[in-house]
Amino acid sequence: MPLRIALHRFESDPSLPQRDGVNLAHTEITRLLATQTDPALDIRFHDFDRLLRSDAQAREALTGVDCLLCNVGPHAHYYHALRERLGLNFRIVRDIKTALWSSYLLQECLCAPLLRPGDALLATSHYSRVLVRHLFPYLCSHPVHLFEPVLAGFGEMPASVTPQPSCDDVITLGYVGRLSEDKNFPQVIDLLIALNREEPGRYRLVACGALHSASCAPERISGRLLAETGRDDLFRYLPPVPHEQVL
């Protein structure tokens, strides 16, 4: 019998010029599962909003499911509550894609008393996995897996190259994302300045993404770097590109 997986059919607004990481990740999850042809998988999509409006619709969509994948942001606690109220039996796989975001912290508090054996949490980095287990010690005995679906669309990844560092090497730092204060981009510049104080001219920064804060405008960044380091070759800005072209 195939593994029966249920999830919300997540759709992104096609008019958006740029998607944030969470939006892109859930779009990719939906695309990957909607196009899979493995006979060992039985993918069942539903509408999350309709499930919350009607227990009858929720029971119809979730009865007989083996695993429910929560891809509607930090709302996994609703699925846990439905599972309890309807007396159903399936695993729930939820995610935490933004470290220290209040909504994900609330999700874990609400899910804690409703977890069952087999439930799992997906984290997008080793850092977020260590952090969430530090904040919620009970997760140390709970499966927390690393998974980043946005990389799946790249196909075969290029072979890794092990650098051979020397004292004269220039180190290029990369930043992909919004150039904005809410993403702490000014702190990245602080770090670049601090590094170049220690080893003048050794570190460069290449940033690619949409400009969202005036303080992060490339010309202001370049002017600040020139004023504080005396160099005009430490920073390069690239405009946004589709995520398939990032590599």
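Calculation notes
Residues numbered from 1 in each chain as written. Predicted model: local features only at pLDDT ≥ 70, side-chain atom pairs only at ≥ 80, totals over all residues. Heavy atoms only, no water. Pairing = 2+ DSSP bridges. Helix = DSSP H or I, 4+ residues; strand = E, 2+ residues; numbered from the N terminus. Axes fitted to C-alpha atoms, helices over the stretch in contact; angles between N-to-C directions. Contact = heavy atoms within 4.5 Å. Buried < 20%, exposed > 50% of the residue type's maximum accessible area, 1.4 Å probe, protein only. Arc of directions from axis to C-beta. Salt bridge = Lys/Arg side-chain N within 4 Å of Asp/Glu carboxyl O.

Peer 1: Whenever I open this one, the sheet that holds strand β1 (residues 3-8) confuses me. Can you help?
Peer 2: Paired through their backbone hydrogen bonds, the strands of a sheet run either parallel or antiparallel. Strand order in this open sheet of six strands is β2-β1-β3-β4-β5-β6, and the pairing throughout is parallel. One side of each edge strand has no neighbouring strand; the edge strands of this open sheet are β2 (41-46) and β6 (144-146). Taken over all neighbouring pairs, the strand axes of this sheet differ in orientation by 25 degrees on average, direction set aside. For β1 and strand β3 (residues 67-69), the ladder comprises three bridges, and the chain directions are parallel. Bridging from a neighbouring strand, Ile5 pairs with Cys67 of β3. With respect to the sheet, helix α1 (residues 21-34) is in contact with β1, β2, β3 and β4 (91-96), its orientation differing from that of β2 by roughly 130 degrees.

Peer 1: How should the sheet that holds strand β8 (residues 203-208) be read in this particular structure?
Peer 2: Pairing in this open sheet of three strands is parallel, and the strands run β7-β8-β9 from one edge to the other. Both outer strands of the open sheet, β7 (171-176) and β9 (235-238), are each paired with one neighbouring strand and no more. Each adjacent strand pair in this sheet contributes to an overall mean axis angle of 15 degrees, direction not counted. The strands that helix α7 (residues 185-198) touches are β7, β8 and β9; relative to β8, the one it contacts most, it runs at about 165 degrees.

Peer 1: I would appreciate a short explanation of helix α6 (residues 126-135) in the present structure.
Peer 2: In an α-helix, one turn spans 3.6 residues; hence positions three or four apart end up facing the same way. Taken together, the buried positions of α6 are Ser128, Leu131 and Val132. When α6 is viewed along its axis, its buried side chains cluster within an angular range of 95 degrees and face the same direction. Relative to its buried face, α6 has exposed residues pointing more than 90 degrees away, namely His126 and His134. Residues of α6 that are buried sit in contact with β4, α5 (102-111) and β5 (120-123).

Peer 1: Would you mind going over the side chain of His142 with me for this structure?
Peer 2: Tracing the backbone through its elements, the reader meets His142 in the loop between α6 and β6. A relative accessible area of 9% places His142 in the buried class. The residues touching His142, leaving out its near neighbours within four places in the chain, are Arg94, Leu115, Asp119, Ala120, Leu121 and Arg133.

Peer 1: What exactly am I supposed to notice about the pattern of salt bridges here?
Peer 2: Applying the stated criterion to the full structure yields 14 salt bridges. A salt bridge links Asp119 to Arg83, with the shortest nitrogen-to-oxygen separation between them at 2.8 Å. With Asp119 in the loop between α5 and β5 and Arg83 in helix α4 (residues 76-86), this pair connects stretches of sequence that are 36 residues apart. Here Arg83 falls in the buried class, since its relative accessible area comes to 0%. Among the ionic pairs, Arg94 bridges to Glu108, the shortest N-O distance being 3.0 Å. One end of the pair, Arg94, is in strand β4; the other, Glu108, is in helix α5, and 14 residues separate them in sequence. Connected via shared salt-bridge partners are Asp190, Arg197, Arg224 and Glu228.

Peer 1: So what exactly am I meant to see when it comes to unusual backbone geometry here?
Peer 2: Trans peptide bonds make up the majority, and among non-glycine residues the majority have a negative phi. A positive phi angle is found at Leu100, which is not glycine, with a value near 65 degrees. Within the secondary structure, Leu100 is located in the loop between β4 and α5. Here Leu100 falls in the exposed class, since its relative accessible area comes to 52%. The phi dihedral of Asn184 falls on the positive side, at around 60 degrees, and the residue is not glycine. Mapping Asn184 onto the fold places it in the loop between β7 and α7. For Asn184, a relative accessible area of 42% translates into the label partly exposed.

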